[in-house]
Amino acid sequence: WRYRHVPGFRFVTELSYRFIAEHRSFFYWVTRILWGKDIEPPSHRWTRSFFLRGLGLVYLIAFVSLAPQIAGLAGEHGIVPIQTYSDTSLLVMCWSGAALAMALIAGMLPVPAAIGLYVLYFLLDIAGQDFLSFQWDALLLEAGFAAILLAPFGLRPSYTQTPSTIALWVQRFLVFRLMLE
């Protein structure tokens, strides 16, 4: 439609085509350098893998840094003690979260690891009360929920399957909210 109805569009596209056709070998090498020998349609493989592994690293830092503090903050004799959990259960949650985070970083069982990380951090967020009610804690929980939808199934999946449309839109909405806030 644009080719036929927009003034100047036909001229620009024909001129561009002629230029590329006359310099075909140059553009072949540019394409080869930028995309490699085998040109494949774009996928979310690497982005999804980096996101999940990076989130695993963030979770690992969060759980390891929370482990020495949680008993003093919300433990049995902490500043704001929570009656539901003992000091031991709080520490077990922290170290279990660290182990699950390492599994997510290694790409092992990403769906169970993402679910476990979300649940453990949510429970610690409740236990931590005022100490874990900052924006970054809420953002980590939101990103963790989005990761559950984005994670591929399997022991060590290859990330080649396209994620669901819902998972992609949840990710986009999360990035939109992060940029807006």
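The structure presented is a predicted model; accordingly, all values stated were derived computationally and were not measured.

*Asks:* Looking at this structure, I do not really get the overall build of the protein chain. What am I missing?
*Replies:* Looking only at helices and strands, one finds eight helices and zero strands in the protein chain. Helices and strands appear in the protein chain in the N-to-C order α-α-α-α-α-α-α-α. Radius of gyration (C-alpha) of the protein chain: 24 Å, far over the 16 Å computed for a compact globule of 181 residues. Counting only C-alpha atoms and orienting by the principal axes, one finds that the protein chain spans roughly 75 × 35 × 25 Å. With an accessible surface of roughly 12,200 Å², the protein chain has 68% of that area assigned to carbon and sulfur atoms. Of the charged side chains in the protein chain, 13 are positive and 11 negative, and the gap between their average positions amounts to 22 Å.

*Asks:* Hey, could you run me through helix 6 (residues 110-128) in this one?
*Replies:* Given 3.6 residues per helical turn, the α-helix brings residues three or four places apart onto the same face. The terminal C-alpha atoms of helix 6 lie 26 Å apart, and with 19 residues this matches the ideal 27 Å at 1.5 Å per residue to within 8%. Every buried residue of helix 6 is listed here: Pro-110, Val-111, Ala-113, Ala-114, Gly-116, Leu-117, Leu-120, Tyr-121, Leu-124, Asp-125, Ala-127 and Gly-128. Buried residues along helix 6 sit against helix 4 (45-74), helix 5 (87-106) and helix 7 (135-150). Remark: Gln-129 follows helix 6 within two positions and exhibits a positive phi of approximately 45°.

*Asks:* Help me understand helix 7, please; the structure alone is not making it clear to me.
*Replies:* The first and last C-alpha atoms of helix 7 sit 22 Å apart over 16 residues, in line with the 22 Å expected at 1.5 Å per residue. Contacts made by the buried residues of helix 7 are with helix 4, helix 6 and helix 8 (165-180).

*Asks:* Hey, could you run me through the confidence of the model for the protein chain in this one?
*Replies:* Confidence along the protein chain averages 90 in pLDDT terms, with 99% of residues attaining 70 or more. Averaged pLDDT values over the elements of the protein chain bottom out at 87 in helix 3 (residues 24-35) and peak at 95 in helix 5.

*Asks:* How do you make sense of the nonpolar core when you look at a structure like this?
*Replies:* Burial of nonpolar side chains together is a common tendency in soluble globular proteins. Counting residues in each nonpolar core, the largest one holds 34 residues, and the members touching the most others are Tyr-59, Phe-63, Ile-70, Leu-90, Tyr-121 and Leu-124. For this core, the secondary-structure elements that each account for two or more residues are helix 4, helix 5, helix 6 and helix 7. It is helix 4 that provides the largest number of residues to this core, a total of 10 residues. Residues contacting Tyr-121, with those up to four places away along its chain left out, are Tyr-59, Ala-62, Phe-63, Leu-132, Asp-137, Leu-140 and Leu-141.

*Asks:* What am I meant to see in the packing of aromatic side chains here?
*Replies:* We describe a pair of aromatic rings using the distance from one ring centre to the other and the angle between the two ring planes. Scanning the entire structure with this criterion turns up 10 aromatic pairs. Arranged with centres 5.2 Å apart and planes meeting at 75°, the rings of Phe-26 and Phe-27 form a pair that is edge-to-face. Aromatic pair Phe-134 and Trp-136: ring centres 4.9 Å apart, planes at 15°, arrangement stacked. Judged by relative accessible area, which is 41%, Phe-134 ranks as partly exposed. You can call Trp-136 exposed: its relative accessible area is 58%. Three or more aromatic residues joined by ring pairs form one cluster here, namely Phe-19, Phe-26 and Phe-27.

How each quantity is defined
For every chain, the first residue of the written sequence is number 1, and numbering continues from 1 along that sequence. Side-chain atom pairs in this predicted model are given and counted only at pLDDT of 80 or more, local residue features only at pLDDT of at least 70, and totals for whole chains, interfaces and linings cover all residues. Processing note: side-chain calculations cover all non-hydrogen atoms of the structure and skip hydrogens and water entirely. A helix here means a DSSP run of H or I that spans at least four residues, while a strand means a run of E at least two residues long, and both kinds are numbered starting from the N terminus. Atoms counted for the radius of gyration: C-alpha only. Globule rule: 2.2 Å times residue count to the power 0.38. In these tables, accessible area is a Shrake-Rupley quantity obtained with a 1.4 Å probe, and a residue counts as shielded only by the protein chains included in the view. Here the positive residues are Lys and Arg and the negative ones are Asp and Glu; neither His nor the chain ends is included. For charged residues, the charge sits on one atom: NZ in Lys, CZ in Arg, CG in Asp, CD in Glu. Between the first and last residue of a helix there are one fewer steps than residues, each counted as 1.5 Å, and that sum is the expected span. To sort residues, take the accessible area from a 1.4 Å probe on protein chains only and compare it with the maximum for the residue type: under 20% means buried, over 50% means exposed, and anything in between is partly exposed. We call two residues in contact whenever any of their non-hydrogen atoms come within 4.5 Å of each other. Residue-level confidence of the predictor is what pLDDT reports, using numbers from 0 through 100. Take the buried residues of types Ala, Val, Leu, Ile, Met, Phe, Trp, Tyr and Cys, join any two whose side-chain atoms come within 4.5 Å, and each joined set is a nonpolar core. Centre distance within 6.5 Å is the pairing criterion for rings of Phe, Tyr and Trp, where only the six-membered ring of Trp is used; planes under 30 degrees apart are then read as stacked, over 60 as edge-to-face, and the remainder as tilted.

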